[in-house]
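Structure at a glance
Chain by chain, the residues run as shown.
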Amino acid sequence: MMTTGVEVKIGRLESIVEQIGEAVLSTTETIESLAQRLETLSVQVEAQGKQLQQQGYQIFALCDAVQTLAESQDDSLQKLSQLTQTLDKLMILLQGTDEEG
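Below, the structure is looked at part by part. Residue numbers here run from 1 along each chain, matching the order of that chain's written sequence. A pLDDT threshold of at least 70 governs which residues receive local features in this predicted model, and a stricter bar of 80 or more applies before side-chain atom pairs are shown or counted, although totals over entire chains, interfaces and linings include all residues. Water and hydrogen atoms play no part in the side-chain values, which are based on all heavy atoms of the structure.

Points about the overall build of the chain
- Numbered from the N terminus, helices here are DSSP runs of H or I no shorter than four residues, and strands are runs of E no shorter than two. Counting its secondary structure elements, the chain contains 1 helix and 0 strands.
- The C-alpha atoms of the chain give 43 Å as radius of gyration, which overshoots the globular expectation for 101 residues (13 Å, by more than 25%).
- Exposure classes here rest on a 1.4 Å probe applied to the protein chains alone. A residue is buried below 20% of its type maximum, exposed above 50%, and partly exposed in between. Going through the 101 residues of the chain one by one, you find that 0% of them count as buried.
- Accessible surface for the chain amounts to roughly 9600 Å². Of this, 61% is attributable to carbon and sulfur atoms.
- The positive charge centre, built from 6 side chains, and the negative charge centre, built from 16, are 14 Å apart in the chain. The quantity called the radius of gyration is restricted to C-alpha atoms. Its globule counterpart is 2.2 Å times the number of residues to the power 0.38. Per-residue and other accessible areas follow the Shrake-Rupley method at a 1.4 Å probe size, with only the shown protein chains counted as cover for residues. Neither His nor the chain ends is counted toward charge; the positive residues are Lys and Arg and the negative residues Asp and Glu. Note that the charge is assigned to NZ on lysines, CZ on arginines, CG on aspartates and CD on glutamates.

Written out as structure tokens, the structure is:
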């Protein structure tokens, strides 16, 4: 009779050890899955970081181009103003010769 009680306890212990083993395997699989997902996210974040850096360079280049365009437009406006003044002077001279003639 003692043997039967010991056998039952051993059976229960075996069952507990088996359940612990299954839990450890399940936990290991979950951790591996999470690690793969984390690596995928890491790769995506790195790619997005590179993309943001590239966009930063593009924005900087665009700002530089806009500044160059603004400076060029300012130069053009100054030249146009000088041309307008010259044309005004020429018109005054021409009107003066019309009045004399």
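Right, picking up where we left off after that structure.
Overview of the pattern of salt bridges
- Throughout this description, the term salt bridge denotes a Lys or Arg side-chain nitrogen within 4 Å of a carboxyl oxygen of Asp or Glu. Enumeration according to the criterion identifies 1 salt bridge in this entry.
- Close ionic contact of Glu46 with Lys50 constitutes a salt bridge, the shortest N to O distance being 3.7 Å. Separated by 4 residues within a single helix, Glu46 and Lys50 lie in helix H1 (residues 2–100), roughly one turn from each other.
- Overall, Glu46 belongs to the partly exposed group, its relative accessible area being 46%.

Observations regarding a nonpolar patch on the surface
- Nonpolar side chains collect at one region of the surface, where Leu77, Leu80, Leu83, Leu87, Leu90, Met91, Leu93 and Leu94 lie side by side and expose about 780 Å² of accessible area between them.
- Relative to the helices and strands, Leu83 resides in helix H1.
- Here Leu83 falls in the partly exposed class, since its relative accessible area comes to 47%. Residues forming no salt bridge and having over 30% relative accessible area are the ones grouped into patches, like charges within 9 Å of each other and nonpolar side chains (Val, Leu, Ile, Met, Phe, Trp, Tyr) within 5 Å.

Notes on a negative patch on the surface
- A contiguous patch of negative charge on the surface is contributed by Asp64, Glu71, Asp74 and Asp75.
- When its relative accessible area of 42% is taken as the criterion, Asp75 is described as partly exposed.

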